[in-house]
Amino acid sequence: MAQNKESSTMKAGLNPVKVVVVGTGSVGSTTAYTLLLSGMVAEIVLIDINKDKADGEGMDLNHAAPMTTDCRVYVGDYPDCANAAIVIITGGANQKPGQTRMDLAAKNAKIMQEIIPNIVKNAPDTILLLATNPVDVLTSISYKLSGFPASRVIGSGTLLDSARLRYNLSKYYNISSESIGAFIIGEHGDSELPVWSLASIAGMRLRDYCEKSNQKFDQDALEKIFEKTRSAAYDIIKRKGYTAYGIAAGLVRIVETILKNEGSLLTVSTVGDYFGVKQVALSVPTKVDRTGAHHIVGLSLDDNEIEEVKKSGQNIKSVCSRLGFD
Ligand SMILES: NC(=O)C1=CN([C@@H]2O[C@H](COP(=O)(O)OP(=O)(O)OC[C@H]3O[C@@H](n4cnc5c(N)ncnc54)[C@H](O)[C@@H]3O)[C@@H](O)[C@H]2O)C=CC1
Ligand SMILES: CC(=O)C(=O)O
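About the cut-offs
- Residues numbered from 1 in each chain as written.
- Chains lettered and ligands numbered in written order.
- Predicted model: local features only at pLDDT ≥ 70, side-chain atom pairs only at ≥ 80, totals over all residues.
- Heavy atoms only, no water.
- Core = buried A, V, L, I, M, F, W, Y, C linked by side-chain atoms within 4.5 Å.
- Buried < 20%, exposed > 50% of the residue type's maximum accessible area, 1.4 Å probe, protein only.
- Helix = DSSP H or I, 4+ residues; strand = E, 2+ residues; numbered from the N terminus.
- Domains from an automatic or database assignment.
- Contact = heavy atoms within 4.5 Å.
- Salt bridge = Lys/Arg side-chain N within 4 Å of Asp/Glu carboxyl O.
- Phe/Tyr/Trp six-rings, centres within 6.5 Å; stacked < 30°, edge-to-face > 60°.
- Lys NZ or Arg CZ within 6 Å of the ring centre and 35° of its normal.
- Near = heavy atom within 4 Å.
- Polar contact = N/O pair within 3.5 Å; in protein donor to acceptor, adjacent residues only side chain to side chain.
- Areas by Shrake-Rupley, 256 points an atom, 1.4 Å probe, with all protein chains shown as cover.
- 1 Å grid on protein atoms, 1.4 Å probe; cavity = no way out; pocket = protein on both sides within 12 Å on 5 of 7 lines; lining within 4 Å.
- Sits in = over half its atoms within 2 Å of the grid points.

Concerning the nonpolar core
Where a protein is soluble and globular, its nonpolar side chains tend to be buried together.
Right, so step 1: By size, the foremost hydrophobic cluster in this structure holds 43 residues, and its most contacted members are Val-87, Ile-89, Ile-119 and Leu-128.
Right, so step 2: Of all the elements in the fold, those that place two or more residues in this core are strand 1 (18–22), strand 2 (43–47), strand 4 (86–89), helix 4 (105–122), strand 5 (127–130), helix 5 (135–146), strand 13 (277–289) and helix 11 (303–322).
Right, so step 3: When residues in this core are grouped by element, the largest group, 7 residues, is from helix 4.
Right, so step 4: Of the domains in this structure, domain 1 (18–155) and domain 2 (159–322) are the two that each give at least three residues to this core.
Right, so step 5: Excluding residues within four positions of it along the chain, Ile-119 makes contact with Val-22, Tyr-78, Cys-81, Val-87, Ile-89, Thr-126 and Leu-128.
Right, so step 6: In terms of nonpolar packing, the next biggest core, distinct from the first, is built from 33 residues, Val-41, Ile-127, Leu-160 and Ile-254 among them.

Some details on the pattern of salt bridges
Opposite charge on two side chains allows them to pair when their charged atoms are near.
Right, so step 1: A full pass over the atoms with the stated rule returns 10 salt bridges.
Right, so step 2: With a closest N to O distance of 3.3 Å, Glu-308 and Lys-311 form a salt bridge. With a gap of 3 residues between them, Glu-308 and Lys-311 both fall in helix 11, about one helical turn apart.
Right, so step 3: Residue class for Glu-308 comes out partly exposed when judged on its relative accessible area of 35%.

Considering the packing of aromatic side chains
Right, so step 1: All told, the structure shown has 2 aromatic pairs when counted by the stated rule.
Right, so step 2: Geometrically, the ring pair formed by Tyr-172 and Tyr-173 is edge-to-face, given 4.9 Å between the ring centres and 75° between the ring planes.
Right, so step 3: On the basis of relative accessibility, which here comes to 35%, the residue Tyr-172 falls in the partly exposed class.
Right, so step 4: In this structure an aromatic cluster arises from ring pairing among Tyr-172, Tyr-173 and Tyr-209.
Right, so step 5: The cationic tip of Arg-152 hangs over the ring face of Phe-148; the distance from NZ or CZ to the ring centre is 4.3 Å.

Regarding the site of ligand 1
Right, so step 1: Neighbouring residues of ligand 1: 27 residues in total, closest Val-27, Asp-48, Ala-93, Asn-94 and Ala-131.
Right, so step 2: Ala-93 is positioned with one of its backbone polar atoms (N or O) 2.7 Å from an oxygen atom of ligand 1.
Right, so step 3: Take Ala-131: an N or O atom from its main chain is 2.9 Å from a nitrogen atom of ligand 1.
Right, so step 4: Calculation on ligand 1 without its partners gives an accessible area of 860 Å², and the protein chains cover 88% of this total.
Right, so step 5: More than half of the atoms belonging to ligand 1 lie within 2 Å of the grid points that define the largest pocket.

Below, the structure is given as C-alpha cells:
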C-alpha cells in the first residue's frame, strides 16, 4: 500500500471531489474505507443519526489516511452535502436473519422521507446513490421525493448480484470472472433473474463455450448457481449478521464510473419504463457517466425472461403503491 499517496483528483489539479456517505453502519463505514483507499476523492463526509458511531468511524478512518491517501474524512450534517459530487445513502434498517429486503420497505421509506429532502435542499445538483434496502423501492421513492431527473437517482441494484453470479460461474467453469459476461436484472431481491439467453464466456454463448471446451452444458447446474447467487445475502447474514464488502466494492465501482466519466454499462437501478411496466426502478445494463445513469440499450430477452422481469417490476411497483408512492 502506497504511503501518503496523493488522491488522483488532487494530483491532476482538478477540483477536490467530495462524496458524502449517509449511514455509517456496516455498509457505510466499509464504503467510506474502500473509497478512502481508492484515492479518487479528496473529502468524505459522514452523516448518521447516531453521532457517536459516525464520530468513531471518522476517527478510525482518519487514522488510515496518513498511511494510504490524503483524503480528509469528517463527520458532518446535511449542509455539508453542499457541492458533493455524489451522496451515497446507506442509512436505515438492515435485514435480520430470515427477513426479506421487502420487509424493510415501510421503515426505510420513512427514513428516506427524512433524508432525501435534506440532501436536495443542500445539494440540488448532486447524484444520489442508494444502497439501503429494498433498494429498488427506495430508489423509486427517492426519485419522487427528490424531483431529480431519473439519471441522478441511482440504486446499486443488481450490480452486486451480477458480481456474485460471475464469481459463482467462474468457480464452476474454473476461469477468471472477468472472462464471463453474465448479469442479473430486475429487483435486487427475491424476484431477480439471470439473463441466461445473453450469458457468454469469451464472447461465446455458454452452450457454445461448453461444446468448444469439451464440457457438458448443464442447465440444472446453472439454475443451482443462480439459486446460490440469489440466496447469497441470506446465507451471509445467517453467518455474520450483515453483508458489506461486496456492496462497498459495488458502490465504489459506481462512484469510479461517474467520476471518471467512463460510460460503463452497469446493472444499476434507475426509474424508467421497462417491458411495459411504467415508472419503476429496476436494474438492466445502464450507461453510467459523469451525468449519471442512462438507459441506452434495449435488451433482447427471450419470452420467459420478459415475463419474469415484468413480474419483478410489478412486484417493486406494488410495494411502492402500498407505501403511497404511485
Ligand atoms: N443494496 C445492497 O446490495 C445492499 C444493501 N444493504 C442495505 O444497506 C442498509 C444498511 O445496512 P448496514 O450498514 O448493515 O446497517 P447498520 O445497521 O449497520 O447501519 C445502518 C446505519 O444507518 C443509520 N441510520 C438509521 N436511520 C438513519 C437516519 N434517519 N439518518 C441517518 N442515518 C441513519 C444507523 O444509525 C446506522 O448507523 C440496509 O438497508 C441493508 O439492507 C446491505 C448490503 C447490501
Ligand atoms: C443485504 C443485501 O442486499 C445483499 O447483500 O445483497
